[in-house]
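Given next are the chains, with one letter for each unit.
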Amino acid sequence: MEAISPAYGLQLVKKWSGSDSFSGSILSSMRSSGGKFKINRIYVGKTNSSVELSDDPGWKTKFQEDFEKRFYIPHLSDFYDDVTPIPSTFCLKSRRPVIEDFADGYPSDEKWNGYINNNDRVLLKVIHYSSPTSAGAECIDDPDCSWVEKWVHRAGPREEIYFKPEEVAAAIVTCGGLCPGLNDVIRQIVITLEIYGVKKIEGIRFGYHGFSDKGIPNILLSRKVVDNIHLAGGSLLGVSREVPNVGQIVDNLQERGINMLFVLGGNGPHAGADAIHNEMKVAVVGVPKTIDNDILMMDKTFGFDTAVEAAQRAINSAYIEARSAYRGIGLVKLMGRDSGFIAMHASLSSGQVDICLIPEVPFQLHGEHGVLTHLKYLLQKKGSAVICVSEGAGKNLLENNNVTDAYGNFMFKDIGVHIQQETKKFFKDAGVPADMKYIDPTYMIRACRANASDGILCTVLGQNAVHGAFAGYSGITVGICNTHYVYLPIPEVISYPKQVDPNSRMWHRCLTSTGQPDFI
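Residues numbered from 1 in each chain as written. Predicted model: local features only at pLDDT ≥ 70, side-chain atom pairs only at ≥ 80, totals over all residues. Heavy atoms only, no water.

## A look at the state of the cysteines
Where we set the bar: When the sulfur atoms of two cysteines come within 2.5 Å, that pair is taken as a disulfide. We call a residue buried when its accessible area falls under 20% of the maximum for its residue type, exposed when it is over 50%, and partly exposed in between, using a 1.4 Å probe and counting protein chains only.
For the coordinates displayed, the defined rule picks out one disulfide. A disulfide bridge connects Cys 139 with Cys 145, and the sulfur atoms are separated by 1.8 Å. Judged by the sign of its S-S torsion, about -70 degrees, the cystine formed by Cys 139 and Cys 145 is left-handed. With relative accessibility at 4%, the residue Cys 139 sits in the buried group.

Below, the structure is given as structure tokens:
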């Protein structure tokens, strides 16, 4: 079960209950759309389980069985009776190119032990919390915080595949905004497809928009085309935030004979991929792309490490500006609509941040315990200060403009500008000098080339996406859980954004580093 912040949990409760007020200090549980929620004094937890967890002594077994059903990954054999596997064409022991004539069978080496068994599993959670009051505890609706094993499917090449490489027509599409590592993933998908023996690989231009606009030509991809694209940021294929027209996409894929589709994107594009999978029984595999690191279940998503590293440079610039000015203040706004992972990790790693503000933790600017009062204290004590804020922080301080993007997400007003204006006004009214510099590195960070850590992650994700498609899986995404690579059903990772748990050890470490108090 994933932990989410009280603020976000309250939004969910309001949304599903249709009420803004609740009786009592604790809402023990509720059921809506098949979900079971528990609010305790630390967090809100979602199980998505249909199992009643009251007084049934066999609830743990039932929960595990229900979990296995939910995390079952769809396979082509579920939809077609005549699907027959063949020996895999992927074998690293033989590096000879796959020939066009398969009369003598597919080149597979029975002695090679590099294949993944279909029954291999990865443990989703590894900490056994002894109490719901433990820092970062993620407990099922059980006062004893009982240990329940939750296993998910291990990613990697299978000994048997469900596509003949010469019959595969693959397509790759990058959706949403830019993110470091897109080109790395594209490159590895193409390289791995060619190792299997695939000859027809298309790149769809400008996200889902490329399926509907016939004036935009596709790009034929090969190793020669993608060999050096990882040396630059951006996306060879281009991106867009257009909401997919599933009917048009399915028609387009059928016209082109595409039977493998790889979708690189966040929650919105993954929802589109799942809709395509439900309409068209071909191999549809997602690769989670979000700088915000807000995809459920996963240790991290590609681009996140690079974003944190680039954000540190912006923070260092703000620090130098602040230290070099008389009573200087450096303010850096980083990405994070609903999740403050970038701001938290960048603040923790830089060691230069005095105040870190994220969406999951409410704060006030004014008042005795407000941010501005603490800022005044920092200037008196240190002579300078650095603030790092997520773009989605402080929603309660800004008027809702009711403007949404293509995916229906509300467009926030600039919290950085708001803090800058309120800070200048505060010190001016107090008759105290303060020199503030505001830095917004958003687009610089998005356009970066992937660093070494993300380069490795992108490489493995791209390879495993192809392995999953050839294994016959569809409606899945590939990710990293507890340092191991896994396949997950798309609906389970896009139901809501992953958020920073304010009671987690990582947030506590950040607070220890900044030394900031509660701003409420």
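## Section: the sheet that holds strand 7 (residues 151-154)
Filter applied, for reference: Pairing between strands is defined by DSSP: at least two bridges between the two strands are required. Numbered from the N terminus, helices here are DSSP runs of H or I no shorter than four residues, and strands are runs of E no shorter than two.
Spatial strand order, 6-7-19-18-13-12-9-10-11: nine strands in an open sheet with mixed pairing. With partners counted over all chains shown, the strands left at the sheet margins are strand 6 (121-123) and strand 11 (219-220), one partner each. As paired strands, strand 9 (residues 169-174) and strand 12 (residues 260-265) are joined by five bridges and run parallel to one another. Its bridge partner lying in strand 12, Ile 172 is registered against Phe 262.

## Things to note about unusual backbone geometry
One non-glycine residue, Phe 206, lies in positive phi territory at about 55 degrees. Positionally, Phe 206 belongs in the loop between strand 10 (200-204) and helix 4 (209-212). The phi torsion at Thr 483 lies on the positive side, around 70 degrees, for a residue other than glycine. Position of Thr 483 relative to the elements: it lies in the loop between strand 18 (476-481) and strand 19 (484-489).

## Quick notes on the packing of aromatic side chains
We apply this condition: Ring pairs shown here join Phe, Tyr and Trp side chains whose ring centres sit within 6.5 Å, with only the six-membered ring taken for Trp; geometry is labelled stacked below 30 degrees between planes, edge-to-face above 60, and tilted in between. We call a charge positioned above a ring when the Lys NZ or Arg CZ atom is no farther than 6 Å from the ring centre and deviates by at most 35 degrees from the ring normal.
The tally for this structure, following the rule as stated, stands at seven aromatic pairs. Judged by centre distance (6.3 Å) and plane angle (80 degrees), the ring pair of Phe 163 and Phe 470 falls under edge-to-face. With Phe 163 in the loop between strand 8 (160-161) and strand 9 and Phe 470 in helix 13 (residues 452-470), this pair connects stretches of sequence that are 307 residues apart. We classify Phe 163 as buried; its relative accessible area is 10%. Since its relative accessible area comes to 0%, Phe 470 is described here as buried. For the ring pair Phe 426 and Phe 427, a centre distance of 5.1 Å and an interplane angle of 85 degrees mean the geometry is edge-to-face. Using a relative accessible area of 21% as the deciding quantity, one classes Phe 426 as partly exposed. Here a set of aromatic residues connected by ring pairs shows up, and it is made of Phe 90, Phe 163, Tyr 196 and Phe 470. The ring of Phe 79 carries the charged tip of Lys 281 above its face, separated from the ring centre by 4.4 Å. In this structure, Lys 498 packs its charged tip against the face of Phe 341, placed 5.1 Å from the ring centre.

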